[in-house]
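Each chain is listed here by its residues.
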Amino acid sequence: MKLNLPLWAQIGANLLSLVLALVMGWDPVLMLFLFWMENVIIGLWQIPRFLTADGNQPGSQLQRLSGALFKAGFFTVHYGLFTFIHGSLLFELFLKQSLDVQTLEKLVFSTQGIGLALLGMFLSHGIQFFSDLLSGVARNTPIDTVMMEPYSRIVILHLVLLASAFLLTLLPNPVIGVILLSAIKIIMDIHNERKIEKKREAHVS
């Protein structure tokens, strides 16, 4: 599979984060925070996928919209709890802080470059959504698939990242940790995107 525009955008967002981390001198654990915030971004972009999926299913447009809104609401609550629990574990283990609004505001608005990195991630996932929308993939993807995609995408990635984070204490230089985490993230993103794209293409064909 060739590297398409959405995947290039995702790789570009990861490289932007790496450059910002090196220039701003971030601690490696900030990379873990950034990757966790991407979970939130993925969840946000998943909501419009519910509203555009299953266009070929029986029933009136109102019935399909009502079902999509219900499932989007259920997803928001369930995925939100899933993301919060994962984030709480990450914050307690590596940031030595509790996950709350004040902590998030401090990290996002007081850490130079974090906002720009998050914007890059938000735009990259936006490119993915609109690419799927224009190609017809978003319309033909079943809602159940939309429901499960984010979980399969982040569980393996963050298990690897959390395991890698424990190795940070063994590295002599934090710069090495930043580069290591970024490299792992890019490799896993490419792997996950290939799996998801194959599933989406199967629904269109």
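Here the structure is a predicted model, which is why all the values come from computation and not from measurement. (Residues numbered from 1 in each chain as written. Predicted model: local features only at pLDDT ≥ 70, side-chain atom pairs only at ≥ 80, totals over all residues. Heavy atoms only, no water.)

(A) Quick look at helix H5 (residues 114–135). The end-to-end C-alpha distance of H5, which contains 22 residues, comes to 32 Å, matching closely the 32 Å that a straight helix rising 1.5 Å per residue would cover. Listing the buried residues of H5 in full gives Ile 114, Ala 117, Leu 118, Gly 120, Met 121, Ser 124, His 125, Gly 126, Gln 128, Phe 129 and Asp 132. Among the residues trailing H5, Gly 136 stands out with phi positive, at a value near 90 degrees. (Helix = DSSP H or I, 4+ residues; strand = E, 2+ residues; numbered from the N terminus. Expected span 1.5 Å × (residues − 1). Buried < 20%, exposed > 50% of the residue type's maximum accessible area, 1.4 Å probe, protein only.)

(B) Highlighting unusual backbone geometry. Non-glycine residue Lys 96 carries a positive phi angle of around 55 degrees. The topology assignment puts Lys 96 in the loop between helix H3 (61–95) and helix H4 (101–110).

(C) The nonpolar core, seen in detail. Counting 29 residues, the largest nonpolar core has Trp 26, Phe 33 and Phe 91 as the members making the most contacts within it. When residues of this core are traced back to their parent elements, those giving at least two are helix H1 (5–24), helix H2 (28–52), H3, H5 and helix H8 (174–204). Element by element, the count of residues in this core is highest for H2, at 11 residues. Those residues within four positions of Phe 91 in sequence are excluded, and the remaining contacts are Phe 33, Trp 36, Lys 96, Gln 97, Ser 98, Leu 99, Thr 103, Leu 104 and Leu 107. Residues Ile 42, Ala 53, Tyr 151 and Ile 154 belong to the second largest nonpolar core, which totals 12 residues. (Core = buried A, V, L, I, M, F, W, Y, C linked by side-chain atoms within 4.5 Å. Contact = heavy atoms within 4.5 Å.)

(D) Representation of the pattern of salt bridges in the model. Under the criterion given, the structure shown has 3 salt bridges. Residue Asp 144 pairs with Lys 71 through a salt bridge whose shortest N-O separation is 3.4 Å. Of the two residues, Asp 144 is situated in helix H7 (residues 143–167) and Lys 71 in helix H3; the sequence distance between them amounts to 73 residues. On the basis of relative accessible area, Asp 144 is assigned to the exposed category, the value being 52%. (Salt bridge = Lys/Arg side-chain N within 4 Å of Asp/Glu carboxyl O.)

(E) Region of interest: a nonpolar patch on the surface. Taken together, the side chains of Val 40, Leu 44, Leu 116, Leu 119, Phe 122 and Leu 123 define a hydrophobic patch exposed on the protein surface, amounting to about 510 Å² of accessible area. Listing elements by their share of the nonpolar patch, those giving two or more residues are H2 and H5. Ranked by the residues each element gives to the nonpolar patch, the list is headed by H5, at 4 residues. Among the structural elements, Leu 119 can be located in helix H5. (Patch = residues over 30% accessible without salt bridge, like charges linked within 9 Å, V, L, I, M, F, W, Y side chains within 5 Å. Areas by Shrake-Rupley, 256 points an atom, 1.4 Å probe, with all protein chains shown as cover.)

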